[in-house]
Amino acid sequence: MIPSKRRFATAMAAAALAIGFGGAHAQAALDNVMKAKKIVIAIPTDFPPYGFVGVDLKPQGLDIDMANYIGAKLGVPVELVPVTSANRIPYLQTNKAHLVISTLGKNPEREKVIDFTVAYSPFFQAVFAPKSLNVKSFADLAGKSVAVTRGAIEDQELTKVAPPKADIKRFEDNNATVSAFVSGQTQVIATGASVAGNMMQRNPQLGAEYKLLLKDSPNFIGVAKGEDKLRLKVNEIIVAGKKAGDIDKMAQKWLGRPAGTLPE
């Protein structure tokens, strides 16, 4: 065989080998996790209450608890890898993480490049107020001042359900909305779970709590495309966790409300 043909044959053999490894890898993640006795999970550290750095400089939050829960059910230690919204999906695609648990919503575009488990937690817009304030239905907002960010999803949803006598005060961004509530300009705030979680973490003296749901948008766990064995195993863990009440307890701890019914 002449050198050029030899190089071509070698290249083709290498390509075939690579394809073979790719096919094997498509179902290898769970086996690799169990052999290595470690699972690598990408998590957020800048998105309370789902993931943030605590005073002990360690990650904490709902997504971190979920990651550790899955590791415990698999019987392996968890290596937590901080990610951002921009790089969390690439971490799956480049095998830097076995799972992404980072407030990941499911949509058709993302489904083209990664797979998803069943939902594990709610992500929602809601009404929050001090525990001492009686707000058990939207009718109770009558005569009360409510801070909301102009044009946000929560503004749209609140407008649909608020009684005519609710005093809705609209602000230009989340910071202004939160500032109005924290400073006492309004009695109530309508905002997203992450904004509320951050606000309550920084201002525990407010005694704020979840009151009413405006809109629910659940979170899913991301899995590399084709890793069905791992995806189905994680699904088993989540479904069993829902039945046992563990998923509800996690949501209650970090979001102030149970997870409730989530899509499977």
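Going by the structure above, here's the rest.
The notes below deal with the structure included here. What you are looking at is a predicted structure, and each value in this text was computed from that prediction instead of being measured. (Residues numbered from 1 in each chain as written. Predicted model: local features only at pLDDT ≥ 70, side-chain atom pairs only at ≥ 80, totals over all residues. Heavy atoms only, no water.)

## Structural notes on the overall build of the protein
When helices and strands are counted, the protein shows 10 helices and 13 strands. Reported as C-alpha extents along the three principal axes, the dimensions of the protein are approximately 90 × 40 × 35 Å. Counting only residues that meet the buried cut, the protein has 45% of its 264 residues in that class. In the protein, of all internal contacts separated by at least 6 residues, the share reaching a separation of at least 24 is 69%. Total accessible area on the protein stands at roughly 13,200 Å², and carbon and sulfur atoms take up 56% of it. (Helix = DSSP H or I, 4+ residues; strand = E, 2+ residues; numbered from the N terminus. Buried < 20%, exposed > 50% of the residue type's maximum accessible area, 1.4 Å probe, protein only. Contact = heavy atoms within 4.5 Å. Areas by Shrake-Rupley, 256 points an atom, 1.4 Å probe, with all protein chains shown as cover.)

## Observations regarding the packing of aromatic side chains
Aromatic rings considered in pairs are described by the distance between their centres and by the relative angle of their planes. One pass over the full model with this rule turns up seven aromatic pairs. For the pair Phe 124 and Tyr 210, a centre-to-centre distance of 5.6 Å together with 80° between the ring planes defines the contact as edge-to-face. Here Phe 124 is found in strand β8 (residues 124–130), whereas its partner Tyr 210 is found in strand β12 (residues 208–216), with 86 residues between them in sequence. (Phe/Tyr/Trp six-rings, centres within 6.5 Å; stacked < 30°, edge-to-face > 60°.)

## Quick look at the pairing of strand β13 (residues 219–224)
Within β13, six of the six residues are buried, leaving the element largely enclosed by the surrounding structure. Sheet analysis places strand β6 (residues 99–104) next to β13, joined by three bridges and oriented antiparallel. The partner of Leu 99 across the bridge, within β13, is Val 223. Looking at chain direction, strand β7 (residues 114–121) and β13 are connected through five bridges and run antiparallel. Across the sheet, residue Ala 119 finds its bridge partner in β13, namely Phe 220. (Pairing = 2+ DSSP bridges.)

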